[in-house]
Amino acid sequence: MPDKKGGRIGVRGARPGPYAEGIRFLRERRRVLWRLAAWSVLESGQTFLSGYALARALDDGFLAGDRGIGLAWLGLAVLAVALGAYGTGRVYRAMAALVEPLRDALVRRVVTHAVGGAGGGRTEGGRGGGGTTAVSRLTHQVEIARDTFAGLVMVSRSFVFVAAGALVGLFSLAPVLLLVVLPPLVLGLALFLATLRPMARRQEAFLEADENIAETLGAVASGLRDITAAGAEEPVGADAGDRIDAEYRAARALARWGVVRVVAIGVGGRLPVVLLLVAAPWLLGRGVTTGALVGALAYLQQSLLPALQSLMQALGTGGSRLAVVVRRLAGTAPDGGGAASDGGGAGPALAPGPAAVPDGTVACPTTPAVELRAVTFAYGDRAAPVVEGLDIDVPAGGHLAVVGPSGIGKSTLAGLIAGLLEPRSGEVRVCGEPVRGSGAVRAAALRVLIPQEAYVFSGALADNLRYLCPQAGPGARTDAELTAAAEAVGLDVLLSRLGGPYADVDPGALSAGERQLIALARAYLSPAPVVLLDEATCHLDPAAEARAERAFARRPGTTLIVIAHRVSSARRAERVLVMDGRQTVCGRHAELLERSPLYRDLAGSWGGPGSSGGPGDSVHLLGAGAGASDPALAPRDADGVHPVARPGLPGDGGHVVAYGPVGQMQAAGDLGDRGAFGGQ
Ligand SMILES: Nc1ncnc2c1ncn2[C@@H]1O[C@H](COP(=O)(O)OP(=O)(O)OP(=O)(O)O)[C@@H](O)[C@H]1O
């Protein structure tokens, strides 16, 4: 909305939108447009004569017994066709003068933006591969935009001039013909125009659904090992099925509007013919000649109907495609954002969002890095929930250990965070991205899950290690980085023994622990900032496990969640989540030893009580209703620093475990007969 000073509220000084730019582009090329129009008149002359000459040839020539006149009129029509063809050739030349500058302008913008983006810190120091890929992808889109734009201009122009030629011809033959032809033609056109907007929206929805499928299947194909390892075939299959269903629905909605469009073509293109035939006696009675009737039919069948069909086809599909492509290009999002910003063809290299930190690991742009909100999950509709009403916040850079008896749901929790399992209710986010639905692919790129079963494939060790890294651009790993990662997680001995990163590995010849080390180094090298280790070190000895975990804890920008099977793992973590159904609690190791009988038992069975908490560690065991009255929690809640008690959790089964910033514990519960640890 323009404001009183003539600017635009909120966008003063901003770049004009793509459509405004399009209009300006055309205005600046008025001369080319006039040239186009002038040559198009030759085409309309041909249309005019196609009916008029036929009518005259019949009425004044063949029906009047004068073949010479008849043939002369037909000859004139043929001459007009030749002239029209010449005009069409000139139209193409004028068209080049219109569309090539458009292409140049779009390419200039894309390249400028990509180069600027590379300099703006969105690519990792010195690596330009992602920029090259993005530019190549976008210049391809520019070609699509140019071709589609050219097609639209050609077809719209052709319709206007053909319609003008035909209508002038009908009027010249007998004005009363327009009475029969014009109403259905106008009605059909109006109906078609009314379908444009809704159909464009459906078309975009369909394209988006289609891209979502491609994206999901791409992610599934590249993550098959993870999916199999985590036993997530069913939910992943269900997710892909949902997307296929969504595309099916989008296709049906599009098809419904397609029916309206067919009706529009019928009304605008076919109905005039029928009406002309039905009204023939009436028209003949009003002085319309046989030749004029045949000429009118020729106008309808040979000129108007094909022009109308081409227009509808071009505007219907090409218009929507152009709108999508132009919006992406105008957004100058090298990922091809816009409708497909949820991954539609977006390469990770220049994707908007998290910035790359120096070592190529993506930094979480948000904290908490992992959020669970009132998450309830069960394996099956009638099964008892494994996780119920769970809230967890793990701050970016945090280190959480998850412990609990066998079968309590630790791997399930890892699967939920990784987005492999779909909660019955609640929401899971990684670095602010929902792990299911629209943000799933982005979230998947932000986390890496290493399960207990380490998969190593036959081939070069380097290929195994780079398996989760992009080939080029940010996150692509040099040989030196491979060696450094191997050193960090404790794979260095094996690496030397095998003969370097390019030595072949035979998975069968490796021990379970060695395979785990390779999987750990692979996760270490991935650009994902959130690392989930689901008993991924269980085959390592305690010292090797400690070395690997410490490596991840020190890895820049990393949020580490370890499903622990040794007390030493829990002791190393900043916080420990003790999964115990409704008695799930979270706290420091020392606090939990004091407060959680289960944790004490686990620690005991693991072989010792471990260390005690340091000074300043304190614990709030919250009994029924304590959340509201606990003085330690009330001010935080009031300040909105952290959500605490959640009375709205489903049923009475909810519990809240909130893991605040490092060095600060925040927790409370919707307690009832349950408890949660909190401390600060
Ligand atoms: N794919 C599945 N289908 C049905 N039930 C499952 C599935 N995976 C796990 N469960 C059940 O869910 C519950 C939690 O299992 P989960 O593997 O998450 O526990 P866990 O704490 O990781 O166990 P462990 O320490 O033994 O690995 C168990 O009762 C388990 O039998």
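Rules used in this analysis
- Residues numbered from 1 in each chain as written.
- Predicted model: local features only at pLDDT ≥ 70, side-chain atom pairs only at ≥ 80, totals over all residues.
- Helix = DSSP H or I, 4+ residues; strand = E, 2+ residues; numbered from the N terminus.
- Contact = placed C-beta atoms within 7 Å.
- Pairing = 2+ DSSP bridges.
- Axes fitted to C-alpha atoms, helices over the stretch in contact; angles between N-to-C directions.
- Parallel < 35°, antiparallel > 145°, perpendicular 65-115°, else oblique.
- Left-handed = near helix turned anticlockwise from the far one by under 90°.
- Nonpolar A, V, L, I, M, F, W, Y, C, P; charged D, E, K, R; others polar.
- UniProt positions renumbered as here; feature names shortened; annotations may be inferred.
- pLDDT = per-residue confidence, 0-100.
- Buried ≥ 20, exposed ≤ 12 C-beta atoms within 10 Å, placed from the backbone.
- Expected span 1.5 Å × (residues − 1).
- Core = buried A, V, L, I, M, F, W, Y, C linked by C-beta atoms within 7 Å.
- Right-handed = clockwise from strand over helix to strand, strands pointing away.
- Bend = angle between axes of the 7 residues up to and from the residue.

Glancing now at the overall build of the protein. Tallying secondary structure elements over the protein gives 21 helices and 15 strands in all. Here the contacts in the protein between residues at least 6 apart in sequence split such that 73% fall between residues at least 24 apart.

Attention shifts here to the sheet that holds strand β11 (residues 575-578). Strands sit in the order β6-β9-β10-β3-β11-β12 across an open sheet of 6 strands; the sheet is mixed. Taken across any chain shown, the strands that pair with only one partner, and hence form the sheet edges, are β6 (447-450) and β12 (585-587). Along the sheet, successive strands turn relative to each other by an average axial angle of 15 degrees, direction set aside. Pairing of strand β9 (residues 530-534) with strand β10 (residues 559-563), which is carried by 5 bridges, proceeds in the parallel orientation.

Before going further, it helps to examine the packing of helix α13 (residues 479-489) against helix α15 (residues 512-525). Interaxial distance between α13 and α15 falls to 9 Å at its minimum, and their mutual angle equals 125 degrees. As far as their axial angle goes, α15 and α13 are oblique. Note that α13 runs across α15; the crossing there is right-handed. Contacts between α13 and α15 pair Glu481, Leu482, Ala485, Ala486, Ala488 and Val489 from the former with Leu517, Leu520, Ala521, Tyr524 and Leu525 from the latter. Partitioning the contact of α13 with α15 into residue classes produces 10 nonpolar, no polar and 1 charged.

The next thing to look at is the UniProt feature "transmembrane region" (unreviewed entry) in the protein. According to UniProt, the "transmembrane region" (unreviewed entry) feature falls on residues 32-55, 67-86, 149-170, 176-196 and 259-284. Between the C-alpha atoms that bound residues 176-196 the distance is 31 Å, and the span itself is 100% helix and 0% strand. Measuring from the first to the last C-alpha atom of residues 259-284 gives 35 Å, for a span that is 96% helix and 0% strand.

Take the confidence of the model for the protein next. For the protein, mean pLDDT is 76; residues scoring 70 or higher make up 75% of the total. Confidence scores differ between elements of the protein, with strand β13 (residues 620-621) showing the lowest mean pLDDT of 22 and helix α8 (residues 280-285) the highest of 95. Long-range and interchain partners of residues 332-358, a stretch whose pLDDT sits below 50, account for 89 contacts in this model, where long-range means more than four residues apart. Counting contacts from residues 607-680, a segment whose pLDDT is below 50, to residues more than four positions away or on other chains yields 174 contacts.

Relative to the assigned elements, Val176 resides in helix α5 (residues 176-222). The class for Val176 is partly exposed, based on 17 C-beta atoms found within 10 Å. A C-alpha to C-alpha distance of 8.4 Å links Val176 and Arg286, two positions 110 residues apart in sequence. When neighbours within four sequence positions are excluded, Val176 is seen to be in contact with Leu283, Arg286 and Val288.

Attention now goes to helix α7 (residues 233-278). The terminal C-alpha atoms of α7 lie 63 Å apart, and with 46 residues this matches the ideal 68 Å at 1.5 Å per residue to within 8%. Among the residues making up α7, those that are buried are Val236, Asp239, Arg243, Ala250, Leu254, Ala264, Val267, Gly268, Gly269, Pro272 and Leu276.

We now examine the nonpolar core. Ranked by internal contacts, the top residues of the largest apolar core, which has 93 residues, are Val402, Ile417, Val489, Leu520, Ala521, Tyr524 and Leu532. If you tally residues by element for this core, the top one is α15, at 8 residues. Those residues in contact with Val402 that sit more than four places away from it in its chain are Lys410, Leu413, Ile561, Ile563, Ala564, Leu577 and Met579. Ala55, Ala163, Leu304 and Leu315 belong to the second largest nonpolar core, which has 42 residues in total.

On to the pairing of β9. Of all 5 residues that make up β9, 5 are buried, and the element is covered over most of its length. In β9, alternate side chains face the same way, and those of Val530, Leu532 and Asp534 on one face and Val531 and Leu533 on the other are all buried. Two elements, β6 and β9, share 4 bridges in a ladder whose sense is parallel. Following the sheet pairing, Arg447 is matched in β9 by Val530. This β-α-β element, β9 to helix α16 (residues 542-554) to β10, shows right-handed connectivity.

Summarising the element assignment, Leu421 is placed in the loop between α10 (410-418) and β4 (425-430). Along the primary structure Leu421 and Glu234 are separated by 187 residues, whereas in three dimensions their C-alpha atoms are 8.8 Å apart. For Leu421, the residues in contact, after removing those within four places along its chain, are Ala232, Pro235, Phe377, Thr412, Gly415 and Leu416.

We now examine the pairing of strand β2 (residues 387-394). Counting buried positions over the 8 residues of β2 gives 8, a clear majority of the element. In the sheet, strand β1 (residues 370-377) pairs with β2 via 5 bridges, with the strands oriented antiparallel. Among the inter-strand pairings, Val375 is bridged to a residue of β2, identified as Leu390.

Below, the discussion takes up helix α2 (residues 30-62). For α2, with 33 residues, the first-to-last C-alpha span of 46 Å sits near the 48 Å given by 1.5 Å per residue. The largest bend in α2 comes to about 30 degrees, at Leu49.

Time to look at unusual backbone geometry. Backbone geometry places Ala374, a non-glycine residue, at a positive phi of 45 degrees. Within the secondary structure, Ala374 sits in strand β1. Even without glycine at this site, Cys431 takes up a positive phi of about 50 degrees. On the neighbour-count criterion, Cys431 (28 C-beta atoms within 10 Å) is buried.

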